Structures are given as structure tokens and as C-alpha cells.
Number of protein chains: 2
Amino acid sequence: MTPTRGSAAGNGRVATLSDVAREAGVSLATASRAINGSTNRSVREDLRERVLAAAAKLDYSPNANAQAMARGRTATLGLIVHDIADPFFSTIAAGVTEAADAAGLAVTLANTEHDPEREIGFIQTLQNLRARSIILVGGRQDDDEGNRRLRDALAGYQERGGTAAMVGQPILGVSAVHVDNRGASAELARALHGLGYRRFAVVGGPENHLTARERREGFCAALAELGSPVADDAVVPCAFVRDGGYDGMKELLARGLDVEVVFAVNDVMALGAMTAAREAGLDLPRDLAFAGFDDITALRDVTPTLTTVAIDMVDIGRQATALALGDGGGEPQVVIASGDVVLRESTPGPR
Amino acid sequence: MTPTRGSAAGNGRVATLSDVAREAGVSLATASRAINGSTNRSVREDLRERVLAAAAKLDYSPNANAQAMARGRTATLGLIVHDIADPFFSTIAAGVTEAADAAGLAVTLANTEHDPEREIGFIQTLQNLRARSIILVGGRQDDDEGNRRLRDALAGYQERGGTAAMVGQPILGVSAVHVDNRGASAELARALHGLGYRRFAVVGGPENHLTARERREGFCAALAELGSPVADDAVVPCAFVRDGGYDGMKELLARGLDVEVVFAVNDVMALGAMTAAREAGLDLPRDLAFAGFDDITALRDVTPTLTTVAIDMVDIGRQATALALGDGGGEPQVVIASGDVVLRESTPGPR
DNA sequence: TTGTACGCGTTATCAG
DNA sequence: CTGATAACGCGTACAA
């Protein structure tokens, strides 16, 4: 056997605080105070230096797990997302990691892959980890049973001293950052109407997906008010992903409606829909205009540039983190994140 | 009796294993064995059931930090990326979380925001957390001093029993998944040459960015072999991001070279470059062809669809995880991830 | 098979 | 200001 030191997983020799104390010739308590200096930084300067020198010499690395035990709290923040590969979620994650880092917290990432069951499972895992707080990101479903279980899980977590916040519909009993899907979609509708469009269609996402629903409803309500209501069969349901937009558009085209502009309830769906339209021989944006929602950064350079509703996802991540960390015990708060309509080439106005 | 003072994540009272044991009327050891049931499940069935029932009744949540202390190892995997908002990294992250989840590990995410200094800082943090292994994702720079420090940090981490792997150039003394940038870029060059293109330019990324360099060199070397060398001034340096591609293209246009096709060393740069070309009045792909690298999923629907080199980022994440977890003590391994040339509309062939 | 008791690395309490 | 020492919650030799 090769006598390699510290090769096998889990058996490396790590200097402990006792080692540091011994090396510095002080007690364990003094070493602890010198290195952490939390409550009372009352350590004589020369001793403090000796300890720090010893720690450096031994390459001391404080054991965060032991600290968690002794302190009764961790420096871990849990982040649960539906799909980290989706730019929407990963950009929010960037905001969360930024804020968490500023607060000195490590982020534990959980990717549910759109499985609500795993969402609950991860709350358990984060509970076991004694994560200080949890941030749940993603639109909710219209599923009373599922929401109830999730709410219970979060409540249990909070009863044990954790704090939580979410991004999405504020229906889980915790503070939330809620995108103003209705208002922004209405704004978008009014802007398109202002451009002269009168015949609209919606590639609308899943029936019980609350975010999709809010966007559909906001859009259609505004148009109804403007006297250009969207016909029922001009709203096609589909999945909330790119392929959903593609399929939804196919379906819409098959219906043979007379449409000037299509609103897809998110950007990637809009792109998928545009591809479907092109495959059907349409010339964009001349033959048909498109609008999306989210303003995904990576899609800034598509052609034609996409009219959409811009939301600041990094900031949403930051705000969710602030809510989670500040959420001491008061009532759950709700922060509304507004969206800005951005008119671009994909909606040049009717011919 | 003894008032349970248990508290870990704040002030909520959490049932401990002792509570469960007492409730079930068994010893702590038995409760531990019944719940963990590691290799030796030597617990009488009725007792085991009593323990499990008690745990369920008390809503027992095992304290992972305490387990880490007692066992001497955690179930945490550290993931360090340059920018989680970048689709390239977030897709790899999806592969890592998938594999980690399958291995029963929690993923701690660290976002360096392209700061090499923070890369080292996070290794320290993960060391403190006693993460079982670390995965470092991102191309390296040609910076001997920086690489040396990083290598030292990783070596220190491994000496203490951690395992590590990376995605990128295998120059840090740990196992790595290395994309075959040179080979794939050469392949791309040959494919473009095969289409009839003869006058090439490269929007080349940063001078000392190893990934950019490998792609530039592979591309140019292949063309030199084919007798269509790329002129020195047809390779413009720029940042490795979208705006870099945009600026690089501006510069390239300013040079007034006679070019048929532009290779940008990654997809987002290619998109930025295309936008710059369009702003200069060019009609794409008729006036100028473009190719990128990575095949970012979100860009599948751009117009014209982008010729690029597809790499399976999710699988790269999986493989990196496998390397990290399997990396017991042997020599660092290197897995080459191949890229597939995908010819699309952006390179229709010369007119 | 079950129980006792010790140890994991730190923090915090309480005397000196 | 410093030093013993008791938790913290759990795993696991060792003993019964």
C-alpha cells in the first residue's frame, strides 16, 4: 500500500483549535476568542498574535459543522429552484448568491427539475442541514393539495427557527417577491394596442400555472377594456417551455385565425413560437408580430429583437434574500416586482 | 425530567435523537441504529418500528451537522463557477446537481463572478464546511502565479481528505473534464472550408484565456493546413462575453478586411458579433457568415440559426461529478469531452 | 441484539 | 483577561 498521507476520502489530518491553542501556548478558550472574537474580543494583543500565527502555521481551518453545533446556528442559506439551467432561474440565483455572499452565508442549491415532490424533499434536507433560511423560486400551480403540503413543510421549517421567502405567488404563508404579471401584461397589451394592433392571440402556457394565468388574464383583460377582446380560441394552452411555445403556435396556425400579433407568456416560448411561424412560411415580423415576457439576457440579440416585458431577475434574487434574512417573525411581506414593457423589432406595428 | 434545550436553527425546539429514544423507550444507540440503519441493521423489528413511529410523531429531523461531527464526513459537494447566470455554467450546474442528488449529496454553490481571488476564497469556505469534494468549473487563464495559488489551495484541500475535479484545462493537479476545444475548432474549420469558404476571420476572445486560445489555435491551425491561413490581423482579441463579440466585430469591420465567414469563440460572442455586423448594414447570412461554439440551448431559435460546436454541458457536469467522487487517491484523470460541429443557416456557403 | 459511554471540534458559562 | 469545563447532537467501540 502506498503510504500517501491523507489520500483516502475522509481521513485527512486537519489541525483543530486545540492544536492551535497548544502551539500558541494558550488555552482552548483563548484560541477560540482570538480567532473568532465574537462577543468579547477581550484577548491581549500579544496572545492574539501568537494564536493567529499558530493558526497560520498549522493552516488551521475552523470546522463549520462544529461551530454550527456549538453556536446553535449555521451560515447556510438554501436555494430551491425548478431548473437551474433555465436562464430565468439561474439569473435569480446570481442575485441570491450575491446577496448571500454579502451576508456571509453559503448557498446550498437544490434543483427540483420541476418536480413538486422534490421541492418538499429539499425542504427536509435543508431542515436537516439546519439552513438558516430557505428561498423558494418559481411560479406556483393551481393545486390546493400540493400547495397545502408545501405550506405545511415551510411552516414546520419556520416553527423550528428557520426563515423563508419565495419568488412567485404569495400563497405559501411566507414573504414573497411577486412579479406583477397581470399589470405588466396589461401594460404590454396597451402598448401593442397603441401601436395599432387589433387582432391578438396568446400562446398561453399551462392552464393551472399561476404565472402563465396571470399573464394571460392581465393581457386579455386590458384588451377587453380597450374594445379589442381576444377570442377564446385565440388563446392556446401549452407547456411553459420553448417546445410549448413551438407546439402552441403550430396549434394556433392550424386554427386559421386572422391574427396580427402573438403574445407568448415567456420569452423562450416566444422564440419557439416564432420558429414554428417561420417553418409555416411566415416572414417575421412582417407577416406576424411577437411579444414575450422576462427579457432573458441571452436573447438580446435575436432577430428580430423581441418585444417583451423586462424584469430585473438579479434584483429579484437580492430582494428575496433580503426578505428571507429579515423575516424575523412578523407577518409575511409581499414585494411587488414591476415589469417594464420594451418594444422592439418583433412588433413593428401593423402593416 | 431533563428539559430538552435543543435548538439549532434559531429558537425553535427541534426534537433530538434522545427525544425520539425516550419516546420510543429505547436507548440512544438503538434509536440511532434504527433510524440510520447503516450497514448493520441489527435492530429488532418491533423496536425499529417503535423508533420510527416516535420519530414520525416528534417530527424528528436528524441534525446533519451533528452527524458530520460524529461521522467525520459530510454529505456536501461544493460547486464553484465563474457566473451562474451564464447558460454555459448553469447548464453544467444542472448536470452536477443531478449527479450529486443521485449520490445523496447536497450542493453548495459558489459564484465567483469571474474573480480568481474569490475562487480561492471559496475553496477555503468549502474546506471549513468540510465539503466532501469540490468541482471547479471554468476555463483557466494563462497566469502562472494565479494558477499556482489555486493549485496549492486545491492540493491543501485534498491533503485534508477532500476530493476535487474541474471542468477546463487540466493544469491544477486534479482530475478534469476538458473540452476538446482544439480538435473541435479544427473540425469546424474543415467543415467551413468544405462548404467553400476561403476567407476567414476570428473574433478571438482574451489573449490569455486558455479556452479562447485553444479554439483560436485549433481553428487557425486547421485552416493553415488546408492552405487558407487566417491572416494575423483577421484575429481580433476581445472579452469572452457578448459585448466582447460585439466590440470585436466592430474592430474587425473597421479593419476593412475581405472576409466571408467569422468564427467567434463562443455562441454569445457570435450573437454579439452578428448584431454589430447588422448594425453596420450587413445582411446576414448573405453578406457574412458566422459560427460560434458551445451550442447554448436558449439560442436554438435565433435567426439565422447558428452554426456552432455542440458540447453536452449537462453530461460534462455529470462526468465532473463522477470524477470528483471517484477520485480516491490515484493519479488525476482527464476526460476529453468532444464537440460536434453543427452546420446551420448562419453558414450557407459562399455566394 | 441492546445499552453505556466516549469522542467529534467549537462555543459559551463561570470561576479565577 | 484567561482558563477549565459543560453543552451541542450524534455515531460507534465496547461491554453486557
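Data block above holds the structure.
Calculation criteria
- Residues numbered from 1 in each chain as written.
- Chains lettered and ligands numbered in written order.
- Predicted model: local features only at pLDDT ≥ 70, side-chain atom pairs only at ≥ 80, totals over all residues.
- Heavy atoms only, no water.
- Contact = heavy atoms within 4.5 Å.
- Buried area = accessible area lost by both parts, 1.4 Å probe.
- Salt bridge = Lys/Arg side-chain N within 4 Å of Asp/Glu carboxyl O.
- Polar contact = N/O pair within 3.5 Å; in protein donor to acceptor, adjacent residues only side chain to side chain.
- Helix = DSSP H or I, 4+ residues; strand = E, 2+ residues; numbered from the N terminus.
- Nonpolar A, V, L, I, M, F, W, Y, C, P; charged D, E, K, R; others polar.
- Pairing = 2+ DSSP bridges.
- Buried < 20%, exposed > 50% of the residue type's maximum accessible area, 1.4 Å probe, protein only.
- Near = heavy atom within 4 Å.
- Least-squares fit on C-alpha atoms with pLDDT ≥ 70 in both.
- Expected span 1.5 Å × (residues − 1).
- Phe/Tyr/Trp six-rings, centres within 6.5 Å; stacked < 30°, edge-to-face > 60°.
- Axes fitted to C-alpha atoms, helices over the stretch in contact; angles between N-to-C directions.
- Parallel < 35°, antiparallel > 145°, perpendicular 65-115°, else oblique.
- Core = buried A, V, L, I, M, F, W, Y, C linked by side-chain atoms within 4.5 Å.
- Right-handed = clockwise from strand over helix to strand, strands pointing away.
- 1 Å grid on protein atoms, 1.4 Å probe; cavity = no way out; pocket = protein on both sides within 12 Å on 5 of 7 lines; lining within 4 Å.
- Points joined across faces, edges and corners; volume = space filled by probe spheres on them.

Engineer: How should I be thinking about the interface of chain A and chain B in this particular structure?
Structural biologist: Often the size quoted for an interface is simply the accessible area lost on bringing the parts together. Each partner contributes to the interface: chain A provides 61 residues, whereas chain B provides 59 residues. Summed over both partners, the interface of chain A with chain B comes to about 5,000 Å²; 50% of that surface belongs to carbon and sulfur atoms. It is Arg130, Arg160 and Asp301 of chain A that lose the most area in chain A upon contact with chain B, and together they represent 16% of the buried surface on that side. On the surface where chain A and chain B come into contact, there are eight salt bridges. With a shortest N-O distance of 2.6 Å, Arg242 of chain B and Asp301 of chain A are connected by a salt bridge. Counting across the chain A and chain B interface gives 21 residue pairs in polar contact (both at pLDDT 80 or more). Of all elements in the fold, only helix H4 (64-71), helix H5 (87-102), strand E2 (106-111), helix H6 (116-128), helix H10 (242-254) and helix H11 (267-279) of chain A reach the threshold of two or more residues within the side of chain A that touches chain B. For the side of chain A that touches chain B, the leading source of residues is H5 of chain A, giving eight residues. Broken down by class, the residue content of the side of chain A that touches chain B amounts to 24 nonpolar, 21 polar and 16 charged. With three bridges joining them, E2 of chain A and strand E2 (residues 106-111) of chain B adopt antiparallel strand pairing. Following the sheet pairing, Thr108 of chain A is matched in E2 of chain B by Thr108 of chain B.

Engineer: What am I meant to see in the environment of Ser346 of chain A here?
Structural biologist: Residue and element names in this part refer to chain A. For Ser346, the position within the fold is in the segment after strand E12 (340-342). With a relative accessible area of 1%, Ser346 lands in the buried category. Spatially, the C-alpha atoms of Ser346 and Met274 are 9.8 Å apart, while their sequence positions differ by 72 residues. Residues within four places of Ser346 in sequence aside, it is in contact with Pro285, Ala289, Phe290, Pro304, Thr305, Leu306 and Thr307. A distance of 2.6 Å separates a polar atom in the side chain of Ser346 from the backbone oxygen of Phe290. One polar contact links the side chain of Ser346 to the main-chain amide nitrogen of Thr307, over a distance of 2.8 Å.

Engineer: Explain the protein's contact with DNA strand D here, please?
Structural biologist: In the vicinity of DNA strand D lie 28 residues, with Thr30, Arg33 and Arg44 of chain A together with Leu17 and Tyr60 of chain B positioned nearest. Of all atoms in DNA strand D that approach within 4 Å of the protein, 72% are sugar or phosphate atoms. In this structure, Arg33 of chain A approaches DNA strand D through a side-chain N or O atom, which is 2.6 Å from a base nitrogen. Between Ser42 of chain A and DNA strand D, the recorded distance is 3.4 Å, taken from a backbone N or O atom to a phosphate oxygen. Only helix H2 (28-36) and H4 of chain A together with helix H2 (28-36) and helix H4 (64-71) of chain B provide two or more residues apiece to the surface near DNA strand D. Sorting elements by how many residues they give to the surface near DNA strand D places H4 of chain B first, with five residues. Of the residues belonging to the surface near DNA strand D, the class tally is 13 nonpolar, 10 polar and five charged.

Engineer: Got a minute to help me understand the pairing of strand E8 (residues 261-264) of chain A in this structure?
Structural biologist: For a regular strand, the rule is simple: side chains alternate between the two faces of the sheet. All names here are of chain A. Covered by surrounding structure in E8 are Val261 and Phe263 together with Val262 and Ala264, the residues of both alternating faces. As paired strands, strand E6 (residues 200-203) and E8 are joined by four bridges and run parallel to one another. Residue pairing for E8: Phe200 is matched across the bridge by Val261. Pairing of E8 with strand E9 (residues 289-291), which is carried by three bridges, proceeds in the parallel orientation. Following the sheet pairing, Val262 is matched in E9 by Phe290.

Engineer: Sorry if this is basic, but what is going on with the relation of the copies chain A and chain B here?
Structural biologist: Two chain copies, one operation linking them: a rotation about an axis together with a shift along it. With an RMSD of 0.1 Å, the operation that places chain A on chain B is a rotation of 180° combined with a shift of 0.0 Å along the axis. One copy is carried onto the other by what is essentially a two-fold rotation axis. Relative to the rotation axis, the closest C-alpha in chain A is found at Thr108 of chain A, a distance of 2.1 Å. A share of 92% of the interface residues of chain A reappears at the interface of chain B, consistent with the copies meeting face to face through the same patch.

Engineer: Looking at this model, I keep getting lost on helix H9 (residues 210-225) of chain A. Mind explaining?
Structural biologist: Given 3.6 residues per helical turn, the α-helix brings residues three or four places apart onto the same face. Residue and element names in this part refer to chain A. Given a rise of 1.5 Å per residue, 16 residues ought to cover 22 Å, and the 22 Å separating the end C-alpha atoms of H9 matches this to within 8%. For H9, the full list of buried residues reads Leu210, Thr211, Ala212, Glu214, Arg215, Arg216, Gly218, Phe219, Ala222 and Leu223. Those residues of H9 that are buried are in contact with strand E5 (175-179), helix H8 (181-195), E6, strand E7 (235-236) and E8. Count one or two residues on from H9 and you reach Gly227, which has phi positive near 85°.

Engineer: In this structure, what is going on with the packing of aromatic side chains? I would like to understand it.
Structural biologist: By convention here, two paired aromatic rings are described through the distance between centres and the angle between planes. Residue and element names in this part refer to chain A. Under the defined criterion, the tally for this structure stands at six aromatic pairs over all chains. Centroid distance Phe88 to Phe89: 5.1 Å. Interplanar angle 90°. Geometry classified as edge-to-face. Each member of the pair Phe88 and Phe89 is classed as buried. With a centroid separation of 5.9 Å and 75° between ring planes, the pair formed by Phe200 and Phe219 is classed as edge-to-face. Highlighted residues: Phe200 in strand E6 and Phe219 in helix H9, separated in sequence by 19 residues.

Engineer: Looking at this model, I keep getting lost on the packing of helix H1 (residues 17-24) of chain A against H2 of chain A. Mind explaining?
Structural biologist: Between two packed helices, what matters for the description is the angle formed by their axes and the separation of those axes. Residue and element names in this part refer to chain A. Remark: H1 packs on H2, axes separated minimally by 8 Å, with the N-to-C direction vectors making an angle of 100°. Considered as vectors, H1 and H2 are oriented roughly perpendicular to each other. Only Leu28, Ala31, Ser32 and Ile35 of H2 make contact with H1, whose side of the interface consists of Leu17, Ser18, Val20 and Ala21.

Engineer: Can you help me understand the nonpolar core in this one?
Structural biologist: The tendency in soluble globular proteins is for nonpolar side chains to be buried as a group. Met249 and Phe290 of chain A together with Met249 and Phe290 of chain B are the most contacted members of the largest nonpolar core, which totals 147 residues. With sequence-adjacent residues up to four places away left out, Phe290 of chain A is seen in contact with Met249, Val261, Val262, Ala270, Ala273, Met274, Ala277, Leu284, Leu306, Thr307, Ser346 and Thr347 of chain A. Core analysis: the second largest hydrophobic core is formed by 21 residues, Ala131, Ala153, Leu154 and Val174 of chain A among them.

Engineer: Just checking my understanding: could you explain the pairing of strand E6 (residues 200-203) of chain B for this structure?
Structural biologist: Residue and element names in this part refer to chain B. Neither face of E6 is exposed, since Phe200 and Val202 on one face and Ala201 and Val203 on the opposite face are all buried. With two bridges joining them, E6 and strand E7 (residues 235-236) adopt parallel strand pairing. Paired with Val202 across the strands is Val235, a residue of E7. Note that the unit made of E6, helix H9 (residues 210-225) and E7 has a crossover that is right-handed.

Engineer: What is the right way to look at the sheet that holds E8 of chain A in this model?
Structural biologist: In any sheet, the strands associate via hydrogen bonds between backbone groups, in a parallel or an antiparallel arrangement. Residues and elements named next belong to chain A. Pairing is parallel across the open sheet formed by four strands, whose spatial order is E7-E6-E8-E9. Whereas interior strands pair on both sides, the edge strands pair on one side only; in this sheet they are E7 and E9. Strand contacts of H10: E6, E7, E8 and E9, with the helix running at about 140° to E6, the strand carrying the most contacts. Contacts between H11 and the sheet are confined to E6, E8 and E9, with E9 contributing the most and set at about 160° to the helix.

Engineer: Got a minute to help me understand empty space enclosed by the protein in this structure?
Structural biologist: Applying the stated rule across the entire model yields two cavities of 30 Å³ or more. Here the lining of the largest cavity is built from residues that sort into three nonpolar, one polar and four charged.

Engineer: Help me out: how do you make sense of the protein's contact with DNA strand C in this one?
Structural biologist: For DNA strand C, the set of nearby residues contains 28 residues, the closest of which are Leu17, Ser32 and Tyr60 of chain A together with Thr30 and Leu47 of chain B. Note that a phosphate oxygen of DNA strand C is positioned 2.6 Å from one of the side-chain N or O atoms of Thr30 of chain B. Looking at the surface near DNA strand C, the elements that each hand over two or more residues are H2 and H4 of chain A together with H2 and H4 of chain B. Residue composition of the surface near DNA strand C, grouped by class: 14 nonpolar, 10 polar and four charged.

By themselves, these figures tell us nothing about what the structure is for.
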